[in-house]
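What follows is each chain in one-letter form.
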Amino acid sequence: MQRDVGGLPLAPALRARLVAAGFQTAQELLETGPCGLSAEIGISKEEALEALQVVRQECHGDAARTAGASGASRKCTALELLEEEQAQGFIITFCSALDNILGGGVQLTKITEICGAPGVGKTQLCMQLAVDVQIPECFGGVAGEAVFIDTEGSFMVDRVVDIATACVQHCQLIAEAHQEDDHLKALETFSLESILSHIYYFRCRDYIELLAQVYLLPDFLSEHSKVRLVVVDGIAFPFRHDFEDLSLRTRLLNGLAQQLIIIANDHKLAVVLTNQMTTRIGQSQSTLVPALGESWGHAATVRLIFHWDNSQRLATLYKSPSQKESTIPYHITVSISFGMEIQRWEQIVSCRGISRRIDKSENDVCFLSAAFQLPSEGHQ
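So, how was this worked out
- Every chain is numbered independently, its residues counted from 1 as its sequence is written.
- Confidence filtering applies because this is a predicted model: local features only for residues at pLDDT of at least 70, side-chain atom pairs given and counted only at 80 or more, and all residues used for totals across whole chains, interfaces and linings.
- Side-chain measures were taken over the full set of non-hydrogen atoms in the model, leaving aside hydrogen atoms and water.
- Here a strand is any run of E in DSSP of at least two residues, a helix any run of H or I of at least four, and the numbering for each starts at the N terminus.
- Under the scheme applied here, a residue whose accessible area is under 20% of the maximum for its type counts as buried, over 50% as exposed, and between as partly exposed, the area being computed with a 1.4 Å probe on protein chains only.
- In what follows, a contact means two residues having at least one pair of non-hydrogen atoms within 4.5 Å.
- Accessible surface area values rest on a Shrake-Rupley calculation with a 1.4 Å probe, where residue burial reflects the displayed protein chains alone.
- Whether a set of points on the 1 Å grid over the protein atoms alone is a cavity depends on a 1.4 Å probe fitting there but being unable to get out, while an open set qualifies as a pocket with protein on both sides within 12 Å along at least five of seven lines; lining residues are those with an atom within 4 Å of a point.
- Grid points are joined across faces, edges and corners, and a volume is the space filled by probe spheres set on the points.
- When residues are grouped by polarity, Ala, Val, Leu, Ile, Met, Phe, Trp, Tyr, Cys and Pro land in nonpolar, Asp, Glu, Lys and Arg in charged, and all others, Gly among them, in polar.
- In the analysis that follows, any N or O atom pair within 3.5 Å is treated as a polar contact, provided that within protein one partner can donate a hydrogen and the other can accept it, and provided that, for residues neighboring in sequence, both atoms belong to side chains.
- Orientation is described by lines fitted to C-alpha atoms, with helices fitted over the stretch in contact, and by angles between N-to-C directions that extend from 0 to 180 degrees.
- Orientation categories follow fixed angle ranges, with anything under 35 degrees roughly parallel, anything over 145 roughly antiparallel, 65 to 115 roughly perpendicular, and all other angles oblique.
- Left-handed describes a crossing in which the near helix is turned anticlockwise from the far one by less than a right angle; the clockwise case is right-handed.
- Note on pairing: DSSP must find at least two bridges between two strands before they are called paired.
- What a helix is expected to span follows from its residue count: subtract one and scale by 1.5 Å.
- The criterion is simple. A nonpolar core is a set of buried Ala, Val, Leu, Ile, Met, Phe, Trp, Tyr and Cys residues joined through side-chain atoms within 4.5 Å.
- Salt bridge, as used here: a side-chain nitrogen of Lys or Arg that lies within 4 Å of a carboxyl oxygen of Asp or Glu.

**A short note on the overall build of the protein**
Looking only at helices and strands, one finds 13 helices and 13 strands in the protein. Residues classed as buried in the protein amount to 51% of the 380 residues present. In the protein, 66% of the contacts between residues at least 6 apart in sequence involve partners at least 24 apart. With the model as given, the accessible surface of the protein reaches about 18100 Å², and the carbon-plus-sulfur share is 50%.

**Quick look at empty space enclosed by the protein**
Per the counting criterion, the structure on display carries 2 cavities of 30 Å³ or more. If you trace the largest cavity, you find it lined by Leu 30, Gly 33, Pro 34, Leu 49, Leu 52, Gln 53, Arg 56, Ala 212, Tyr 215 and Leu 216. Mapped by element, the contributors of at least two residues to the lining of the largest cavity are α2 (26-41), α3 (45-69) and α10 (207-223). Residue composition of the lining of the largest cavity, grouped by class: 7 nonpolar, 2 polar and 1 charged.

**Thoughts on the side chain of Gln 276**
Along the polypeptide, Gln 276 turns up in the loop between β7 (270-275) and β8 (277-281). Separated by 3.3 Å, the side chains of Gln 276 and Glu 152 make a polar contact. Contacts of Gln 276, omitting those with residues within four sequence positions, involve Gly 116, Glu 152, Ala 236, Phe 237, Arg 240, Val 289, Pro 290 and Ala 291.

**Describing the packing of α10 against helix α11 (residues 246-266)**
Where α10 meets α11, the closest approach of the two axes is 11 Å, and the angle between their N-to-C directions is 20 degrees. When the axis of α10 is compared with that of α11, the two are roughly parallel. By crossing handedness, the relation of α10 to α11 is classed as left-handed. Residues Tyr 207, Leu 210, Leu 211, Val 214, Tyr 215, Leu 217, Pro 218 and Leu 221 of α10 lie in contact with α11, whose contacting residues are Leu 252, Gly 255, Leu 256, Gln 259, Leu 260 and Ile 263. For the contact of α10 with α11, the residue count by class is 12 nonpolar, 2 polar and no charged.

**A word on the pairing of β8**
Summarising the sheet, β8 and strand β9 (residues 286-290) pair through 5 bridges and their orientation is antiparallel. Residue Arg 280 lies in a different strand from β9, and its bridge partner there is Thr 287. In this structure, the hairpin formed by β8 and β9 is closed by a connection of 4 residues.

**What about α11?**
Side chains three or four residues apart in an α-helix point the same way, a direct result of the helix having 3.6 residues per turn. In this model, α11 (21 residues) spans 30 Å end to end at C-alpha, consistent with the 30 Å of a helix rising 1.5 Å per residue. Immediately beyond the C-terminal end of α11, within one or two residues, lies Lys 268, with a positive phi of roughly 55 degrees.

**Remarks on the pairing of strand β3 (residues 111-116)**
By the criterion of burial, β3 is predominantly enclosed, with 6 of the 6 residues buried. Of the two faces of β3, the one carrying Ile 111, Glu 113 and Cys 115 and the one carrying Thr 112, Ile 114 and Gly 116 are both buried. Alignment of β3 against β7, held across 5 bridges, turns out to be parallel. Each residue of the ladder has a partner; that of Ile 114, found in β7, is Thr 274. Pairing between β3 and strand β10 (residues 302-309): 5 bridges, direction parallel. Of the residues in β10, the one forming a bridge with Cys 115 is Ile 305.

**As for the nonpolar core**
Judged by nonpolar contacts, the single largest core of 49 residues is most densely connected at Ile 91, Leu 98 and Leu 229. The element that contributes the greatest number of residues to this core is helix α7 (residues 157-178), accounting for 8 residues.

**So, unusual backbone geometry**
Phi is positive for Gln 179, close to 50 degrees, though the residue is something other than glycine. For Gln 179, the position within the fold is in the loop between α7 and α8 (181-187).

**Let's talk about the pattern of salt bridges**
Within the structure shown, the criterion is met by 3 salt bridges. Measuring nitrogen to oxygen at the nearest pair gives 3.4 Å for the salt bridge that ties Glu 294 to Arg 280. Placement of Glu 294 in helix α12 (residues 293-296) and of Arg 280 in strand β8 is noted, with a sequence separation of 14 residues between them. According to the relative accessible area criterion, Arg 280 is partly exposed, its value standing at 41%.

**Some points on the environment of Val 160**
With respect to the element layout, Val 160 can be found in helix α7. When near neighbours in sequence (up to four residues on either side) are disregarded, Val 160 contacts Met 127, Val 131, Phe 155, Leu 196 and Ile 199.

**With respect to the layout of surface pockets**
Sizing a probe to match a water molecule and rolling it over the atoms shows the empty space that remains. The space that makes up the largest pocket amounts to roughly 350 Å³. Breaking the lining of the largest pocket down by element, the ones donating at least two residues are α4 (78-88) and β2 (106-107). When residues in the lining of the largest pocket are grouped by element, the largest group, 3 residues, is from α4.

Fair warning: the whole summary comes from geometry, so function is off the table for now.
Laid out in structure tokens, this is it:
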């Protein structure tokens with residue numbers, strides 16, 4: 001990042017302002033941040049953000065070119081890529097039907113977008129995933145940590161406590177049923193306090209704070225190498241007001257998507273976004289569609305749409321490179337019952353963790369969690 005400011009692909013007038021203000025390298029610009037840069041050279045925060053996006057992308061491209069020149073770039077076969085993806089594992093959702101249509105759960109190195117109307121359960125699933133990503137490997141998890149970026153103020157720590165408590169109790173019952181040394185050892189450090197201390201929460205109140213946080217995230221992840229999940233709960237909220245220049249909004253969103261893709265791949269983690277719905281008015285009828293327009297729809301690798309059918313919640317896999325479009329019912333529970341937990345565990349294939357079941361009926365509750373479950377027959 002020691003690239004000279006004069007060599008950056010910025011407007012000549014902007015480069016002149018930067019040099020006049022005493023900036024010499026790209027690293028100095030990135031350390032200043034959008035608010036500081038705006039104040040230093042007298043431009044708007046939006047212009048500062050856009051300039052820093054260009055600088056960061058150039059620095060990342062320089063690093064990639066340097067690695068390629070030194071022989072560090074690696075060529076591999078499709079078989080090797082497949083083996084890498086299979087070895088990375090998934091973050092389970094504690095709803096077996098949802099895991100099944102996703103191909104095993106939320107996949108690492110991919111961006112998953114969850115769209116839906118208010119109250120349908122988007123944030124509930126994000127909080128569930130922030131807990132599930134920490135499940136020890138011997139129980140079928142990835143033993144990671146989570147970053148939770150909240151733009152709407154929807155994060156409820158009391159709810160996370162409920163979910164985390166249920167997850168710990170779930171693993172305790174598994175350990176008691178099987179009495180394996182690795183299970184018992186893992187539970188020594190897998191506790192409610194441990195789970196809460198490894199969810200890193202950031203509150204962003206506008207799109208400037210959100211963009212700044214995402215662009216500073218690589219530095220944070222370098223210091224917290226166990227993070228395997230980044231949640232942005234409310235990707236649309238900061239961008240749906242105070243924008244007169246829609247082309248600027250599109251450029252900022254494209255840069256944000258590019259940065260999230262880089263983060264997911266470089267740090268081998270899953271990125272989960274939630275998105276609102278908006279009304280598209282046609283000639284004869286109106287329909288609900290994900291917000292931020294059609295161009296944003298290309299940002300995510302996987303897109304889930306949560307919706308209602310009367311009083312029943314439904315989840316539709318709308319976009320996936322490897323799974324067919326499917327719709328499953330689910331409901332959100334307040335508490336759980338452990339009465340049948342041991343019998344249900346006996347139906348689970350333990351060699352690949354708690355998300356693989358056999359002899360599963362269509363309406364079976366696969367995971368007894370504080371959040372996501374399949375509905376029982378009475379809820380169909």
